[in-house]
Amino acid sequence: MNLKLSLCLLLAAVLLLPPLTLAAQLQVQVQHISGGPVAGAVVFLESTAASAAVRPAATANIIQRKTTFIPEVLVIPRGTAVTFPNEDTVRHHVYSFSSIKQFEIKLYVGTPTEPVVFEQSGVAALGCNIHDQMIAWVVVLDTPYYSHSNDDGLAVLNDVPAGDYTLRVWHKTLLSEVEVPKLAITLDSNTPIQRVNLD
């Protein structure tokens, strides 16, 4: 086989390869409608391809310490199992009546043997049946592309495949799904910073 034919065959093989999906970065500025930054917002990108890329996290915990849930907001991909270690000397009774996951872990100390698996995306509010002031949220996402806003209200999502997405933002102060902003975006290397206002 001569060199010219070899090069032609190599070029043909390269042209038949699927196009590379380039990774991009997205910056999202989350602020109150009055203009101040919103810290602790969960910023995420949804699409059919993102849903197909979801894998459960290896480990996830919500610890009870000093009659407080730590973290107050846990963000996990769909299918993740969560354990609830009790590090207090008093017993807790953890529960959720949320539509995406209803469960109870009755009065206990230590770590329950069975974790709670969150198979459905959405938000589960948690409480303690003994200590009314204890509250936390498990935000279950149907996407691996998410981040949290910092004290300046800025969230950065790195290494996201370029493409079309729905940008969504959740915060614990939002009372219903209707209040969660949704914005259609096309992500590439030139996508500008996105700004989302929360009431």
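Note: the structure precedes this text.
Residues numbered from 1 in each chain as written. Predicted model: local features only at pLDDT ≥ 70, side-chain atom pairs only at ≥ 80, totals over all residues. Heavy atoms only, no water.

**Q** An account of the packing of aromatic side chains is requested, with residue identities and associated values reported.
**A** In total, this model carries five aromatic pairs according to the counting rule given. Note on Phe84 and Phe103: the rings are 5.7 Å apart at their centroids and 40 degrees apart in plane angle, and the pair reads as tilted. Highlighted residues: Phe84 in the loop between strand S6 (80-82) and strand S7 (92-98) and Phe103 in strand S8 (residues 101-108), separated in sequence by 19 residues. For the pair shown, Phe84 and Phe103 are each scored as buried. On the basis of an interplanar angle of 90 degrees and a centroid distance of 6.1 Å, the ring pair of Phe103 and Phe118 is categorised as edge-to-face. Remark: Phe118 occurs in strand S9 (residues 116-118) and Phe103 occurs in strand S8; sequence separation between them is 15 residues. For Phe118, a relative accessible area of 0% gives the class buried. Put simply, the rings of Phe84, Phe103 and Phe118 touch in pairs and so form one group of aromatic residues. (Phe/Tyr/Trp six-rings, centres within 6.5 Å; stacked < 30°, edge-to-face > 60°. Helix = DSSP H or I, 4+ residues; strand = E, 2+ residues; numbered from the N terminus. Buried < 20%, exposed > 50% of the residue type's maximum accessible area, 1.4 Å probe, protein only.)

**Q** Summarise the side chain of Ser149; cite the residues concerned and give the values.
**A** For Ser149, the location among the structural elements is in the loop between strand S12 (146-148) and strand S13 (154-161). Taking relative accessible area as the criterion, Ser149 reaches 5% and is therefore assigned buried. A polar contact is formed between the side chain of Ser149 and the backbone nitrogen of Ala41, at a distance of 2.8 Å. Ser149 has contacts with Val30, Val38, Ala39, Gly40, Ala41, Leu154 and Ala155, leaving out every residue within four places of it along the chain. (Polar contact = N/O pair within 3.5 Å; in protein donor to acceptor, adjacent residues only side chain to side chain. Contact = heavy atoms within 4.5 Å.)

**Q** How would you explain the sheet that holds strand S15 (residues 182-187) if you had to name every residue and give the values?
**A** Pairing is antiparallel across the open sheet formed by four strands, whose spatial order is S12-S2-S14-S15. Lying at the two open borders of the sheet, with one neighbouring strand each, are S12 and S15. In this sheet, neighbouring strand axes are inclined to one another by 25 degrees on average, regardless of whether the strands run parallel or antiparallel. Where strand S2 (residues 42-46) meets S12, three bridges bridge the pair, whose relative direction is antiparallel. Note that in S12 the partner of Phe44 across the bridge is Tyr146. (Pairing = 2+ DSSP bridges. Axes fitted to C-alpha atoms, helices over the stretch in contact; angles between N-to-C directions.)

**Q** So, the environment of Leu187: which residues are in play, and what are the values?
**A** Positionally, Leu187 belongs in strand S15. When near neighbours in sequence (up to four residues on either side) are disregarded, Leu187 contacts Ala24, Gln25, Leu26, Leu45, Val160, Pro161, Ala162, Gly163 and Tyr165.

**Q** An account of the pattern of salt bridges is needed here, citing residue identities and associated values.
**A** For the structure shown, the criterion picks out five salt bridges. One salt bridge connects Arg65 with Glu87, and the closest N-O pair in it is separated by 2.8 Å. With a gap of 22 residues between them, Arg65 in the loop between strand S3 (63-64) and strand S4 (69-70) and Glu87 in the loop between S6 and S7 connect regions that are remote in the sequence. Here Asp142 makes a salt bridge to Arg78, at a shortest N to O gap of 2.6 Å. Taken together, the positions of Asp142 in the loop between strand S11 (135-141) and S12 and Arg78 in the loop between strand S5 (73-77) and S6 put the pair 64 residues apart, joining distant regions of the chain. For Arg78, a relative accessible area of 27% gives the class partly exposed. (Salt bridge = Lys/Arg side-chain N within 4 Å of Asp/Glu carboxyl O.)

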